[in-house]
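In case you want the letters, here they are:
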Amino acid sequence: MNLILDIIFPKRCVSCKKFGHFFCIDCQSKLITPFDICPVCKLGSVYGKTHTKCKSIYSLDGFCVAFVYRDSLRKAIHKYKYKPYIEELTPIFTDLMVSKINKNFGFMSFIKSKPTVISIPLHWYKKHLRGFNQTELIAKYLAKLLNLPYMDILKRTKYTKPQSSLTKKERQENVENIFKIKTNFNVPKSVILFDDVWTTGSTLKNATKILKEQGAETIWALTLAR
Ligand SMILES: [Zn+2]
Ligand SMILES: [Zn+2]
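From a predicted model like this one, the values you see are computed outputs, not experimental measurements. (Residues numbered from 1 in each chain as written. Chains lettered and ligands numbered in written order. Predicted model: local features only at pLDDT ≥ 70, side-chain atom pairs only at ≥ 80, totals over all residues.)

Some details on the overall build of the protein
The helix and strand tally for the protein stands at nine helices and six strands. Relative to the globule expectation of 17 Å for 226 residues, the C-alpha radius of gyration of the protein, 18 Å, shows essentially globular dimensions. The C-alpha extent of the protein, read off along each of the three principal axes, is 55 × 35 × 35 Å. The buried share of the protein, taken over its 226 residues, is 33%. If you take every contact in the protein between residues at least 6 apart in sequence, the share linking residues at least 24 apart comes to 69%. (Helix = DSSP H or I, 4+ residues; strand = E, 2+ residues; numbered from the N terminus. Rg over C-alpha atoms; globule rule 2.2 N^0.38 Å. Buried ≥ 20, exposed ≤ 12 C-beta atoms within 10 Å, placed from the backbone. Contact = placed C-beta atoms within 7 Å.)

Looking at the packing of helix α3 (residues 71–80) against helix α4 (residues 85–101)
Packing of α3 against α4 brings their axes to within 9 Å, and their N-to-C directions diverge by 135 degrees. The angle between α3 and α4 falls in the class oblique. Residues Ala-76, Lys-79 and Tyr-80 of α3 pack against Tyr-85, Ile-86 and Leu-89 of α4. Per-class residue counts for the contact of α3 with α4 are five nonpolar, no polar and one charged. (Axes fitted to C-alpha atoms, helices over the stretch in contact; angles between N-to-C directions. Parallel < 35°, antiparallel > 145°, perpendicular 65-115°, else oblique. Nonpolar A, V, L, I, M, F, W, Y, C, P; charged D, E, K, R; others polar.)

Some thoughts on the sheet that holds strand β6 (residues 218–225)
In spatial order, the strands read β1-β6-β5-β2; together these four strands make up an open sheet with parallel pairing. This sheet does not close on itself; its edge strands, each paired only once, are β1 (62–67) and β2 (116–119). When strand polarity is set aside, the average angle formed by the axes of neighbouring strands in this sheet is 25 degrees. In this structure, β1 lies alongside β6, joined through five bridges in parallel fashion. Considered in β6, the bridge of Cys-64 is made with Leu-222. In the packing of helix α7 (residues 134–146) onto the sheet, the strands contacted are β2, β5 (190–197) and β6, and the crossing angle to β5 comes to about 135 degrees. In this fold helix α9 (residues 202–213) packs onto β5 and β6, with an angle of close to 160 degrees to the strand it touches most, β5. (Pairing = 2+ DSSP bridges.)

What about α7?
Given 3.6 residues to a turn, an α-helix orients residues that are three or four positions apart in the same direction. Look at α7: 18 Å from first C-alpha to last across 13 residues, which is about the 18 Å you get at 1.5 Å a residue. Inspection of α7 places Gln-134, Leu-137, Ile-138, Ala-139, Leu-142 and Ala-143 among the buried residues, and these make up the whole buried set. Summarising the contacts, the buried residues of α7 are in contact with α3, α4, β2, β5 and β6. Two residues or fewer past α7, Asn-147 is found with a positive phi of approximately 60 degrees. (Expected span 1.5 Å × (residues − 1).)

Remarks on the environment of His-78
Relative to the assigned elements, His-78 resides in helix α3. Here His-78 falls in the exposed class, since 11 other C-beta atoms lie within 10 Å of it. Placed 63 residues apart in sequence, His-78 and Ser-15 show a C-alpha to C-alpha distance of 9.5 Å.

Here we look at the packing of α4 against α7
For the pair α4 and α7, interaxial distance at closest approach is 9 Å and the crossing angle is 55 degrees. Relative to α7, the element α4 is oriented oblique. Relative to α7, α4 is oriented so that their crossing is right-handed. Residues Ile-86, Thr-90, Pro-91, Phe-93, Thr-94 and Val-98 of α4 form the contact with α7, whose own contacting residues are Gln-134, Leu-137, Ile-138, Tyr-141, Leu-142 and Leu-145. Residue composition of the contact of α4 with α7, grouped by class: nine nonpolar, three polar and no charged. (Left-handed = near helix turned anticlockwise from the far one by under 90°.)

Structural notes on the nonpolar core
The biggest cluster of nonpolar side chains holds 46 residues, and the ones touching the most others in it are Leu-193, Phe-194 and Trp-220. Looking at this core, the element that brings in the most residues is β6, giving six residues. (Core = buried A, V, L, I, M, F, W, Y, C linked by C-beta atoms within 7 Å.)

Overview of α9
Between the first and last C-alpha of α9 there are 16 Å, a value that for 12 residues agrees with the 16 Å anticipated at 1.5 Å per step. Those residues of α9 that fall on the buried side of the exposure criterion are Thr-203, Leu-204, Ala-207, Thr-208, Leu-211 and Lys-212. The buried residues of α9 occupy an angular sector of 155 degrees when the element is viewed end-on, so they sit on one face. On its buried face, α9 sits against β3 (154–156), β4 (179–181), β5 and β6. (Arc of directions from axis to C-beta.)

As for unusual backbone geometry
You will see that Lys-42, though not glycine, has its phi angle at about 65 degrees, which is positive. Topologically, Lys-42 is positioned in the loop between α2 (25–29) and β1. A count of 14 C-beta atoms within 10 Å places Lys-42 in the partly exposed class.

Purely geometric stuff here, so don't read any function into it on its own.
Dropping the structure here:
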């Protein structure tokens, strides 16, 4: 079966188009790890922990990111949203991310508290159009790899425009109060909130606010890229 598929649909790198691999070793080796920042003030911070002076009641407690969002990864993440790459790229992206987060000792020590992995949802209509949510797939695979619980607990209440198409002010308004906690869920105390890309952080911050309002105590954001 795989052989037939390989003939009909030969593997090609989503970034450089070379045959043989969906995200080739050359493109993987070009990935850059960004410096860690505090998710509140966005200045440098050890392991991405939120500075003590930046903490407030609904703020993130830390932000762990694997790669810089540019070049090969930017292309790959864009293509990832379309079939048939999705099944193939989910484990590749997740493994790459885990290899990086293993080096973030601040985040690794947080993982010892057995946080629940929660992913940023798509609006149901977008998910319906696309057939899947790539963020959810990575988050589930990550939870399995790290042996952590996964909870599908957040729901989008409105259909938002892509953040990249908006000005800074519009971006803030665009994501205000866009999440709800699904009924029948108890919000876990400690959470890894996953999204594929950190653009301004406002989506993750809004999700953090609602989770903390409803019982979460410690939340680290995790993204594949920023
Ligand atoms: Zn490549
Ligand atoms: Zn700060």
